[in-house]
Every structure is written in C-alpha cells, then in structure tokens.
Amino acid sequence: MAPAVSKRVASSDGFARGAAHKRRSGVRTDRDGDLMMDATPRNQNNKIGKGRGKPTTNTSTTTTNGTAKPRNNIHAKSTQNAIIRHLTSGNANIKQAQPSNIKSVKVSGWKNSKASTNEDGGVHSLLTFLEKKVTTNLTKKSISNGNRKPVQVSLKKYHIDGDAVIISTTPDVGASLCVMNKWVWAGVNLQIEPAQQSNAFSDKNGGDQEMQADARPILTDLISRRYNADLKLLDLSGLASDPQLKANGVLTSIAQPANFFPALMKVCDEQFKTAQEKRDTVFSVTLANNDLRSVSPVTTLAQTFPDLKNLDLSNNKIPTLSSMINWKHKFRALDQLLLNGNPLEQQDPAFYIQIRNWYPALRTLNNQQIRTDQEALQSSHGVKKALPVRGPMFHDEGDIAKNFIISFFAGYDTDRAALVNMYYDTESIFSFSLNNRGISDPLSRQKMEKQEWDAYIRKSRNLKALSHLPARVNRQYTGPAKILEIISSLPKTRHPDLGNSGQKWCIECQSLPSVPDATRQHPGGVGGLIIDIHGEFEELDERAGNAEKSRSFDRNFVLGPGVNGGVRIVSDTLTIRAYGGFAAWKPDELESNGQQEPLITEVCRRTGMIVSFSKQCLEESGWNLEEAIQRFEGAKAAGLIPAEAFVQA
Amino acid sequence: MADFQGIAQQFVEFYYKTFDENRASLQSLYREQSMLTFESAPSQGAVAITEKLVGLPFQKVQHKVNTLDAQPTSEDGGIMVMVTGQLLVDEEQNVMNFCQTFQLKRDGGSYFVFNDVFRLVYG
C-alpha cells in the first residue's frame, strides 16, 4: 500500500491519520499576484519628486503641460498596479507611486533668444546652460542625500526637431530638466517638457489612467471593429499593426504607451451596465500576436473580464510562467487557454501543471484536454475559489474515534435501537436542525419537491428560526428513550462506505480536555474527543428500502469515556441539508501534496504524456515512479494509450 | 442553568457581525488555550488565530447564518454551537456554504471560544 495515497479522509485503512503532517506549511495561496508588486521601490521615485521644490517661477501659474510631473512614461508595474487599484478601490495614490521615467525631453522657445545669432542658432549655448543648471541641481540633491561626490551632467544625445531640441538622457536628468520649464534663458522663456509620442494617450493631467477626450472615439471604434458578436469574441490580436491605430499614431505596441490597454479596458467596462451583461457579451478574448513578453501591460484584462471563457495568448513572447504571475488564480471560469507560440513552451515544459492549478475550470490548454468536463465543473464550483483546502485534521487517540465512527454509522443505518443502547446514556443530548436554504450541488439532477423536508422540519431545532422557548427545549432530546424516539422517527438512511467511498466523508477530530465525567469521580471533567463530520447519505424509502434522495449532513459529536470502558456520546448535533456533493473538502489537486507534483512532472517528461494521463498512471501505480513508467511502457506496447494522452508536437 | 440558547444566539450574531466588519477584533473572543481549525489548518492562541483570520485571502466577506443549534456540554457552562450558512467573499458571484462548530467556555461572567472548527461544505 502506498502511504502517499492517504491524503483524504478515509484511505484504505479507513482514516487519514497522517493527514496533518502533509499540510503545506503556511504558504498562502497568492490570489493577487499584483500585491507582490507593492515592493516596487518607492525611494527611487521619490528622489526626483522631492527635488521639485526649487524653481518658483514655474509652478502655479503654469497651465500648460510643462510642470515637472513625469507623465506618460509609465514605470510599468508599479504605476499600472496603482491604476488597477485606483480603478477598483478608487483611492490609490497615483501621484505618490508615480515614477519618473523621463528619458527624452523636448526644449522649445529658444529660437528667438539673444543667442540665436550664434552659428548653431544657440543650441550649444543652450545645452551648456542646461547642463550647468542640472549639474548644480542634482549635485545639491546628491549632497543632501549624503553623497559627497559632485554630479557632472553632460547632454550629448540630442537632435533638433523643428523649433525644438529633443534631448535623450537619464530619468534623473530628464526630471531635473523639466523642473526648469519657463525658466528664462538669453531673454526668452524656455519651454521644457518630456518628449512624448504625440498621440491621443499622451496624458496632460498627470494621472496615467486618464485619457484625453480624443482617445475615447479611437478606442470605441477599435472595440466595435474588433468585436465579433457571433463568436462573442473581442479580437485584440496584432494591435500594433492595426491600420486605424497606426493611422492615428496611437501606439507602437500593445504595451506602449502603457496606458493604452488600461484605457481600452476602461472603455470596455463602460459598455456594460452589469457584470452579467459583460459575461453574456464577451466569451473570448484574443491577445495573440502582440509581442507580449509578460502580461503586465494587459493585466487589466482580468479586472474587466474576470469571467472570460476563452483566452488566446498565442504567438507572443512570454518566456516563463512568472511573466504571467499577475494572472495567477484570475479568470476563475476560464475554459480554454492558448499559449502556443510562446518561448515558455520550451523553457518551462511543466507549465501545464501550474496552469492547471491556476485555473480551476480550465479544460483545454493549447487545444489539449487537461481536465474532464466533470472535473472542471467540480473544481470551478466556487468552493475553493478563495480558500485552500487541505486534507482533514484527524487526531485520534488509540483509534477511539475511528472505531466509534465506523460503528456509529453502521448502527445508524441498520439498528438504531442497538445504537442508542450502546452510545447514549441518561445525560446524552441530541438535536438536529434542517438547513433548507442552502443551495445544492449543480451536478445533482435531483429535483426538490414540495414536501421535500416534511420528514424533518417539524422536529428541526434551528435556533435561528425557532424562538419559542418551549419548542427550543422540547426539541432537545436528553437520554436514550427520547433520543431513540426521535431518531427512529427520522427517515432510514444509508451512508457511503467509509473504506471504499472515503472521499465522500470529511472527518475531523481533536481532543477536548474536559467533558463531564459519567462516573462523577472527576468533578473537573475528563478528557474527551470532539468530532466534526461532513458527509452524505441516501434517504431510503420506508417500505421498499430503496434509495429515494441524497442528502448532505454535518454532525458534531462530543465523546467522553463510558462507564464500562467504551465511549459515550455527551452531545450529538446534526444538521441535514440538500445534497451538496463532496468537492468542498477534496484537497486542492496536486498543490495539496507537494510530493505529487514532481512525480507528475517526471512522468510527463519521460513518457511524453499530458498531465491528466501522467497523473492517472501514477495513481494506478500507487505513486511509484518506476512502476508508473513500467506500467506506461506496458500499456504503450499493448497499444492501450490513446493518442490524446500525448503532448502534441 | 443559564440560557445557553440565548448565549449561543448572541454569540453567533456578534461573531459573524464582527467577522464581516473587522475580523481583527475577533481576538477578544479567543484565549491562549483557544484552538481554531480552519479548513484543517490549526492555529492555537488568540494571537495566532487572529493572524490566521486576518490573513485569509479575501478583503470583503459576508456571512449569512442558515441554521444555528446549541447544546450544553459540561456542568461548568460549556456550550457547543453548530452553525451552517453561506459566505460570500470579495466580488465572487457564488456563495460558499460553510459549517462551523464552536465550543464556548465560561470564564467568570463571560464566554470565550475554546475550540472552533470551520469547513466549507459545498459550493
């Protein structure tokens, strides 16, 4: 028997006692890849921002776009994330996070200076002036930052563009230059501003997520041209070569200018009044052929279309999965993903496994099935969206709980009178409540009937619904006679087998230091156990004995030592509800057990089979690698492995 | 015997209201010997439990209690409380059904959570 198998409630020996040791250490599922981006160094940015105080000549009166605020040039990650947060929370401070990345500065207004009669029209003289001022400025700042070394700035890379000189330089110098906007030189006012592509996305207001009025029609037009209503597809592929965008000089690539895509998503968002409308309108998005090296420039797609079914990222330049980290655990309903034509395929052959973990509903990756329909439905079922599920915690003492559970449910199904006799005494308490409000398992085809809960409702002790004190008291049953009466009146049941159908049970157990002592020798109480069980049963037809309905239940027992050496039930609380399946406590696949993943990767590598088949092969081989390979070889030789099991070249 | 039903009901109302509004302040309901088992992950002590709860990967959360039942479990005023209900986190569309059981213990005039077991049961 392979020990690794016992990750669930009940393994072949009935219980997963070792489950607690297999829990992953505190690694938190990172839903928000972007949170990690908070680490973008702020200091770097502040360096420039703080030095802005000096020139008073150029501040409040300036209404043109010539302030020192860096614009348009986006330090992609931090700003973009600030934008995302801003758009979603409405309170992110863009200004603070705004980096300076002015690498190109446009200086104009110098043509009519006193130096214009110089041989070069005064350019050299101008540059010397600017070099000197920036040198002084940056040296001061450097010293105030504790640096003794003076800074020497030289502006060597420049070209003349009409009336302007465009200077290429470092962000520090660029920002420092911009501070000098409106300064007087040789009798004229200089205009100094970041040089930017003159397009609709040039942002004149300093808020990077803002777009100019003339950007909106371009984006709306793009969306209407690129939306295919029949396929419910928004085709954003090859945007850089879009003729209209080209004609408008809008963008050089999907990532440049960096506020293009967020603005596009914002306009998309505005098209819809409700999330449902959005879901019904856009099933698929393709971002193919966009030279994407990471999803950072387009990460807002996940905010705008979180329920996307199909996503095409093929033929980009995504090198590794870490370039997709912003989309980890996003797109919870994603059914199909295309990543072919990215370097990642070669460089990260195990990406299949990760991608499968990231997207719980994903059935098809690169046109290969990685989950069955059933699996996809179950795992996308909403249960594990936010919370990692581990195997149950089962701390038994000398198999007391294990033996009790086996015996209890067998007795409950077959002979309740004997059961009551065995476990309940005069002080045992039982009550049950009916939860008829919970939603039921969408996989279940079971229809609810009008009198669905008649067998339970009149005895249900739901304190939320039941405020009448006598009823509250009456529906708590103390002692064997009353307990037998009530549980005999409940429908007959058949619980799934603990050995063969262990996955249908979730059983947790821990010790409880003090429960009432049946022998009354220990007034402080004695050590007991507390057991929480979630599971299901079939409700049997009273006469015919065949299964009528499936139900789910939650049951809590407090056990104490019995007078005659066995255990007694101190308290037994039961909730019965509509059938809800058992997906909720199925541990997260692969992730739940760090030992499986490398094995699967290895089998994938050695056999060329896709993840689901490799996993199946391992399961059948008791997670023994060599056995799995042998099994594979045997099956392959016998021609038993279908073509779809293999990664297609 | 004190009205354990009323205590349980008050407790449940307070617990989920606090959880949904500011789960950090749940700390006052736990003690050093308290134990939380959240989706099988155990935390012991008020500080660790609060850390666990605050660190859960969602911002907004809303609990809706469907059923509540309680039983006295010991002479010193211990109460076992079982709750089933639904919770909705962040912008998720789907509610998640949960079951949570508490062992409340008396400490002088007030109660604290001695043991707390949380499970999502179906979606």
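Use the structure listed above.
Residues numbered from 1 in each chain as written. Chains lettered and ligands numbered in written order. Predicted model: local features only at pLDDT ≥ 70, side-chain atom pairs only at ≥ 80, totals over all residues. Heavy atoms only, no water.

A.B. asks: Can you walk me through helix α18 (residues 480-489) of chain A in this structure?
C.D. replies: One turn of an α-helix holds 3.6 residues; hence residues three or four places apart share an orientation. All names here are of chain A. Among the residues making up α18, those that are buried are Ile 483, Ile 486 and Ile 487. What you see down the axis of α18 is that its buried residues fit within an arc of 90°, all on one side. Exposed residues pointing more than 90 degrees away from the buried face of α18 are listed as Ala 481 and Glu 485. Against α14 (400-414), α15 (416-423), β14 (429-435) and β15 (477-478) lie the buried residues of α18. (Buried < 20%, exposed > 50% of the residue type's maximum accessible area, 1.4 Å probe, protein only. Helix = DSSP H or I, 4+ residues; strand = E, 2+ residues; numbered from the N terminus. Arc of directions from axis to C-beta. Contact = heavy atoms within 4.5 Å.)

A.B. asks: Explain unusual backbone geometry here, please?
C.D. replies: Among all residues save glycine, negative phi is the norm, and among peptide bonds the norm is trans. Of note, the phi angle at Lys 232 of chain A is positive, near 50°, even though the residue is not glycine. With phi around 50°, Glu 39 of chain B is a residue other than glycine that occupies positive phi space.

A.B. asks: Can you help me understand the sheet that holds strand β2 (residues 158-161) of chain A in this one?
C.D. replies: The strands that make up a sheet are held in pairs by hydrogen bonds between backbone atoms, and each pair lies either parallel or antiparallel. Residues and elements named next belong to chain A. As summarised here, the arrangement of the 4 strands in space is β2-β3-β1-β6, forming an open sheet in which the pairing is antiparallel. Only two strands of the sheet have a single neighbouring strand rather than two, namely β2 and β6 (191-194). The mean angle between the axes of side-by-side strands here comes to 25°, regardless of whether they run parallel or antiparallel. Two strands pair when backbone bridges link them, and strand β1 (residues 104-108) and strand β3 (residues 164-168) are joined in this way by 4 bridges, in the antiparallel orientation. Counterpart to Val 105 in the pairing with β3 is Ile 167. Contacts between helix α5 (residues 171-179) and the sheet are confined to β1, β3 and β6, with β6 contributing the most and set at about 145° to the helix. (Pairing = 2+ DSSP bridges. Axes fitted to C-alpha atoms, helices over the stretch in contact; angles between N-to-C directions.)

A.B. asks: Looking at this structure, I do not really get the sheet that holds strand β11 (residues 336-338) of chain A. What am I missing?
C.D. replies: Strand order in the open sheet formed by 7 strands is β7-β8-β9-β10-β11-β12-β13 (chain A), and the pairing between neighbours is mixed. In the strand order of this sheet, the two ends are held by β7 (227-228) and β13 (368-369) of chain A, each with one partner.

A.B. asks: I would appreciate a short explanation of α5 of chain A in the present structure.
C.D. replies: Summarising burial for α5 of chain A: 7 of the 9 residues are buried, a large majority. When we look at burial in α5 of chain A, the residues that qualify are Val 173, Gly 174, Ala 175, Ser 176, Leu 177, Cys 178 and Val 179 of chain A.

A.B. asks: How do you make sense of the pattern of salt bridges when you look at a structure like this?
C.D. replies: Two side chains carrying opposite charge are able to pair once their charged atoms lie near each other. Tallied over the entire structure, the rule returns 22 salt bridges over all chains. The shortest N-O distance in the salt bridge between Arg 551 of chain A and Glu 539 of chain A comes to 2.6 Å. Of this pair, Arg 551 of chain A sits in strand β19 (residues 547-561) while Glu 539 of chain A sits in strand β18 (residues 526-540), and the two are 12 residues apart along the sequence. On the basis of relative accessible area, Arg 551 of chain A is assigned to the buried category, the value being 1%. Overall, Glu 539 of chain A belongs to the buried group, its relative accessible area being 10%. Between Arg 31 of chain B and Asp 107 of chain B there is a salt bridge whose closest N-O contact spans 3.2 Å. Of this pair, Arg 31 of chain B sits in strand β1 (residues 30-38) while Asp 107 of chain B is found in strand β5 (residues 96-107), placing the two residues 76 residues apart along the sequence. Exposure remark for Asp 107 of chain B: the relative accessible area of 39% places this residue in the partly exposed category. (Salt bridge = Lys/Arg side-chain N within 4 Å of Asp/Glu carboxyl O.)

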